[in-house]
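Analysis of the macromolecular model
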Amino acid sequence: MAKPQKINDTVSYQSNLLNQMASSNTQVENTVFNAHDITKVYEMGEVKVHALRGVDLSLYQGEFVVLLGPSGSGKSTLLNILGGLDTPSSGTVRYHDHDLSIYDDNALTTYRREHVGFVFQFYNLIPSLTARENVALVTEISINPMTPEEALRLVGLEQRMDHFPAQLSGGEQQRVAIARAVAKRPEVLLCDEPTGALDVQTGVLVLEVIERINRELGTTTAVITHNAAIAGMADRVVHLSGGEIGEVKTNTSKLSPRDISW
Ligand code: ADP
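Residues numbered from 1 in each chain as written. Predicted model: local features only at pLDDT ≥ 70, side-chain atom pairs only at ≥ 80, totals over all residues. Heavy atoms only, no water.

When you go through the chain residue by residue, the secondary structure sums to seven helices and ten strands. Buried residues in the chain amount to 45% of all 262 residues. Taking the contacts inside the chain whose residues are at least 6 apart along the sequence as the reference set, 69% of them involve residues at least 24 apart. When the accessible surface of the chain is split by element, carbon and sulfur atoms take 49% of a total near 13,300 Å². (Helix = DSSP H or I, 4+ residues; strand = E, 2+ residues; numbered from the N terminus. Buried < 20%, exposed > 50% of the residue type's maximum accessible area, 1.4 Å probe, protein only. Contact = heavy atoms within 4.5 Å. Areas by Shrake-Rupley, 256 points an atom, 1.4 Å probe, with all protein chains shown as cover.)

What follows covers the packing of aromatic side chains. With the rule as written, the count across this model stands at three aromatic pairs. Centroid distance F33 to Y95: 5.5 Å. Interplanar angle 50°. Geometry classified as tilted. With F33 in strand 1 (residues 31-44) and Y95 in strand 4 (residues 90-95), this residue pair connects regions lying 62 residues apart in the sequence. The pair formed by F33 and Y95 is uniform in burial state, with each residue classed as buried. (Phe/Tyr/Trp six-rings, centres within 6.5 Å; stacked < 30°, edge-to-face > 60°.)

In any sheet, the strands associate via hydrogen bonds between backbone groups, in a parallel or an antiparallel arrangement. On the basis of which strands lie adjacent, the open sheet formed by four strands has the order 2-1-4-5 and antiparallel pairing. Of all strands in the sheet, those bounded by a partner on one side alone are strand 2 (47-60) and strand 5 (98-99). Inspection of the sheet shows strand 1 paired to strand 4 by five bridges, in the antiparallel sense. When the sheet's bridge partners are listed, H36 is paired in strand 4 with T92. (Pairing = 2+ DSSP bridges.)

Right, let's talk about the pattern of salt bridges for a bit. Here the structure, examined in full by the defined rule, presents ten salt bridges. R212 is paired through a salt bridge with E216; the nearest N and O atoms lie 3.1 Å apart. Of the two residues, R212 and E216 both sit in helix 7 (residues 200-217), four residues apart, roughly one turn of that helix. By relative accessible area, which is 44% here, E216 ends up partly exposed. (Salt bridge = Lys/Arg side-chain N within 4 Å of Asp/Glu carboxyl O.)

So, about the sheet that holds strand 7 (residues 188-192). Pairing is mixed in the open sheet, where six strands are placed in the order 6-7-8-3-9-10. Of all strands in the sheet, those bounded by a partner on one side alone are strand 6 (116-119) and strand 10 (244-250). Each strand axis lies, on average, 15° off the axis of its neighbour in the sheet, ignoring direction. Bridging between strand 3 (residues 64-68) and strand 8 (residues 220-225) involves five bridges; their strand directions are parallel. Looking at strand 8, one finds that F64 is bridged to T221. (Axes fitted to C-alpha atoms, helices over the stretch in contact; angles between N-to-C directions.)

Here we take up the pairing of strand 3. Taking burial as the measure, the five residues of strand 3 include five buried ones, the bulk of the element. The side-chain alternation of strand 3 yields two buried faces, one formed by F64, V66 and L68 and the other by V65 and L67. Here strand 3 runs beside strand 9 (residues 236-241); their pairing, made up of four bridges, is parallel. Its bridge partner being in strand 9, L68 is matched across the sheet by H239.

In this model, helix 6 (residues 170-182) (13 residues) spans 18 Å end to end at C-alpha, consistent with the 18 Å of a helix rising 1.5 Å per residue. Counting buried positions along helix 6 yields twelve of 13 residues, so the element is predominantly enclosed. Of all the positions in helix 6, only G171, E172, Q173, Q174, R175, V176, A177, I178, A179, R180, A181 and V182 are classed as buried. Lining the buried residues of helix 6 we find strand 6, helix 4 (131-139), helix 5 (148-154), strand 7 and helix 7. (Expected span 1.5 Å × (residues − 1).)

Further remarks concern the site of the ligand. In the region of the ligand, the neighbouring residues are Y42, M44, V49, A51, P70, S71, G72, S73, G74, K75, S76 and T77. One of the backbone nitrogen or oxygen atoms of S73 is found 3.0 Å away from an oxygen atom of the ligand. Counting only elements with at least two residues in the shell around the ligand, the list comes to strand 1, strand 2 and helix 2 (75-82). In terms of residues, the shell around the ligand owes the most to one element, helix 2, which gives three residues. Among the residues forming the shell around the ligand, the class breakdown is five nonpolar, six polar and one charged. (Near = heavy atom within 4 Å. Polar contact = N/O pair within 3.5 Å; in protein donor to acceptor, adjacent residues only side chain to side chain. Nonpolar A, V, L, I, M, F, W, Y, C, P; charged D, E, K, R; others polar.)

A separate point is the environment of S90. By the secondary structure assignment, S90 is in strand 4. S90 sits 52 residues away from I38 along the chain, and the two C-alpha atoms are 5.5 Å apart. Once residues within four sequence positions are removed from consideration, S90 is found in contact with D37, I38 and T39.

Encoded structure:
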């Protein structure tokens, strides 16, 4: 911002400054995650694998972020650390006012159970339980859950509640997995290659469900993909390579999943 020369300029300089401060305060207040200088080194005997090399990343309330990068670039490691499935070797990860990097296993389990929904490439449904029963496994132990029926309606499976996984297509099984992840109303939804095992048409249906949950429930959502086409759906696209964040791009307009193909 240019320094003021005249009185009118001073007023507008001050008001711009106030606006900037207000917007950066809003962003700070809306910060869900703040990862600072995190590294992850996996020690495999003599060999050390540097999965993350000093990553800084904040995620904000209600945004839809795509983590994009080639296989082995550290995307899952980063997502797992944000979701409390793993811990960094160094650096800090804050979830609101809580420092996850010093949490023990019990504290991480409680954090995950109360705040995080996960969706993985493979659906991990229990084959001997119906869609409704698979979702009920989570709702029975949650504090303020939706009913399994509500969650399954949200993903468009109201007609299939009493079907077993083997009676559902891959995309439908993934939608049950999403219903299970969101039924506890998590603040954060973390998806690791959610369309990785699906054809384009089915993948689009799954992306529509994830986009709807982000939009209607305001769930902060991070989706890992190596598929650049999906990046068009995001508010922000974070590129990873070699365990580091490269470009972070904000999309000025977002694509609907229907406009995406790969
Ligand atoms: P991406 O999700 O981008 O494919 P990952 O985060 O899965 O990348 O992996 C980053 C690097 O860390 C890779 O070299 C991978 O082999 C390694 N890695 C990931 N998890 C482990 C683990 N549990 N033990 C050892 N190495 C691992």
